[in-house]
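Inside the fold
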Amino acid sequence: MARPREVATVQTLHWQKSTYSAQAANCVYVAASPTGTIHLRESDEPDVILTTRATGLQALICGVKDNPGPLGG
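Residues numbered from 1 in each chain as written. Predicted model: local features only at pLDDT ≥ 70, side-chain atom pairs only at ≥ 80, totals over all residues. Heavy atoms only, no water.

On to the confidence of the model for the protein chain, then. Detailed reading of the predicted coordinates is not advisable wherever pLDDT falls low. Confidence in the prediction for the protein chain averages 79 pLDDT; 73% of positions are at 70 or higher. The element-level mean pLDDT for the protein chain is lowest in helix H2 (residues 69–72), coming to 64, with strand S3 (residues 38–42) highest at 92. The low-confidence segment residues 1–7 (pLDDT under 50) makes four contacts with residues lying over four places distant or belonging to another chain. (pLDDT = per-residue confidence, 0-100. Helix = DSSP H or I, 4+ residues; strand = E, 2+ residues; numbered from the N terminus. Contact = heavy atoms within 4.5 Å.)

In structure tokens:
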């Protein structure tokens, strides 16, 4: 059986700015499609869109929180 195609396009997604972006020039935007795919883009390159599932985004956020590195330390 064929997998359903992602029908959401950049124009139909409801993009929300991350609350951590504030008024900074470099903002991260996130949108969820009806199929559960999470879309991420950065304001400097809005045509570059990363896609993942909620579990992948959760793992990324938890990893960054647990190991912030030199920028978050």
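The subject of this paragraph is the environment of Thr12. The residue Thr12 is located in the segment before strand S1 (16–17) in this model. A relative accessible area of 58% means that Thr12 is categorised as exposed. Taking the C-alpha atoms as reference points, Thr12 and Ser33, separated by 21 residues in sequence, lie 8.9 Å from one another. (Buried < 20%, exposed > 50% of the residue type's maximum accessible area, 1.4 Å probe, protein only.)

Moving on, we come to the environment of Thr55. If you trace the backbone, Thr55 turns up in helix H1 (residues 54–66). Of the residues examined, Thr55 reaches a relative accessible area of 61% and is grouped as exposed. Between the alpha carbons of Thr55 and Ile38 there is a distance of 9.7 Å; along the sequence they are 17 residues apart.

Spatial strand order, S1-S2-S3-S4: four strands in an open sheet with antiparallel pairing. The two strands at the open ends of the sheet, each matched to only one other strand, are S1 and strand S4 (45–52). Here five bridges tie S3 to S4, and the two strands are oriented antiparallel to one another. Within S4, the position partnered with Leu40 by the bridge is Leu50. (Pairing = 2+ DSSP bridges.)

The subject of this paragraph is the pairing of strand S2 (residues 28–32). Taken together, the two bridges between S1 and S2 define a ladder with antiparallel strand orientation. The partner of Gln16 across the bridge, within S2, is Val30. Two strands pair when backbone bridges link them, and S2 and S3 are joined in this way by five bridges, in the antiparallel orientation. Residue pairing across strands places Val28 opposite Glu42, the latter belonging to S3.

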